[in-house]
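Per-entry structural report
Given next are the chains, with one letter for each unit.
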Amino acid sequence: MSFRIRKASLSDAPALADLLRQIGWWAAFEEETSAANTAHVTRMLALDLTSDCHSVYIAEDETNNALFGYIAAHWLPYLFLRGPEGFISELFVRPEARGQGVGAALLAAAQTEAAQRGCVRLSLLNGKQRESYQRSFYQKHGWEERPFMANFIFWMPDEQS
């Protein structure tokens, strides 16, 4: 399989929306129309692309430009660290492209940018039920799991209620 990694552009929104819908993890993507999904991804990608604090890379087939996967990274300045931290919020690869170096190449693109930005570390969250966790994808690429940290979230109240 031959692919290239490049920064995403707004024209990638339909392919990104299609990938997210095909993964099938989010009810909102399955319940909405393809047009609604594309509109949502376009809005979110536009926000990413308007700020130097975010980077989105895509992996695409070199022959037909089909999207194999993408990674989204966010560059966070922490006052207590000696440099910024990069946070990988999304790394998704089409099931048929997994195990062929796409995820590793996307991680490498984020690591390269992190080094250029002077980051002291990268972090990410990985669901323990996910295939990538089960096959130790991140550990195989030099990442270590932090056993002493808990991950908390706070869901914002629905503004329409």
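You'll find the structure just up there.
All of the points below concern the structure found in this document.

Rules and cut-offs
- Residues numbered from 1 in each chain as written.
- Predicted model: local features only at pLDDT ≥ 70, side-chain atom pairs only at ≥ 80, totals over all residues.
- Heavy atoms only, no water.
- Buried < 20%, exposed > 50% of the residue type's maximum accessible area, 1.4 Å probe, protein only.
- Helix = DSSP H or I, 4+ residues; strand = E, 2+ residues; numbered from the N terminus.
- Pairing = 2+ DSSP bridges.
- Axes fitted to C-alpha atoms, helices over the stretch in contact; angles between N-to-C directions.
- Left-handed = near helix turned anticlockwise from the far one by under 90°.
- Contact = heavy atoms within 4.5 Å.
- Nonpolar A, V, L, I, M, F, W, Y, C, P; charged D, E, K, R; others polar.
- Arc of directions from axis to C-beta.

1. Focus: the pairing of strand β2 (residues 54-61)
Along a regular strand, successive side chains alternate from one face of the sheet to the other. With respect to burial, β2 is a largely interior element, 7 of its 8 residues being buried. Across 5 bridges, strand β1 (residues 3-7) lies against β2 in antiparallel orientation. In the sheet register, R4 faces β2, and the bridge partner there is E60. By the bridge criterion, 7 bridges tie β2 to strand β3 (residues 67-76) in an arrangement that is antiparallel. If you follow Y57 over to β3, its bridge partner there is I71.

2. A word on the packing of helix α1 (residues 13-23) against helix α3 (residues 34-49)
For the pair α1 and α3, interaxial distance at closest approach is 8 Å and the crossing angle is 115°. Here α1 and α3 pass one another in a crossing that is right-handed. Of α3, the residues touching α1 (which contributes A13, P14, L16, A17, L20 and R21) are S34, N37, T38, V41, T42 and L45. For the contact of α1 with α3, a count of residues per class yields 7 nonpolar, 4 polar and 1 charged.

3. Some details on α1
For the α-helix, the turn length of 3.6 residues means that residues three or four positions removed from each other point alike. All buried positions along α1 are accounted for by A13, L16, A17, L19, L20 and I23. In a view along the axis of α1, the buried residues occupy a sector of 160°, so they form one face of it. Buried residues belonging to α1 abut α2 (27-31), α3, β2, β3 and β4 (85-93). Looking one or two residues past α1, G24 carries a phi angle of roughly 75°, positive in sign.

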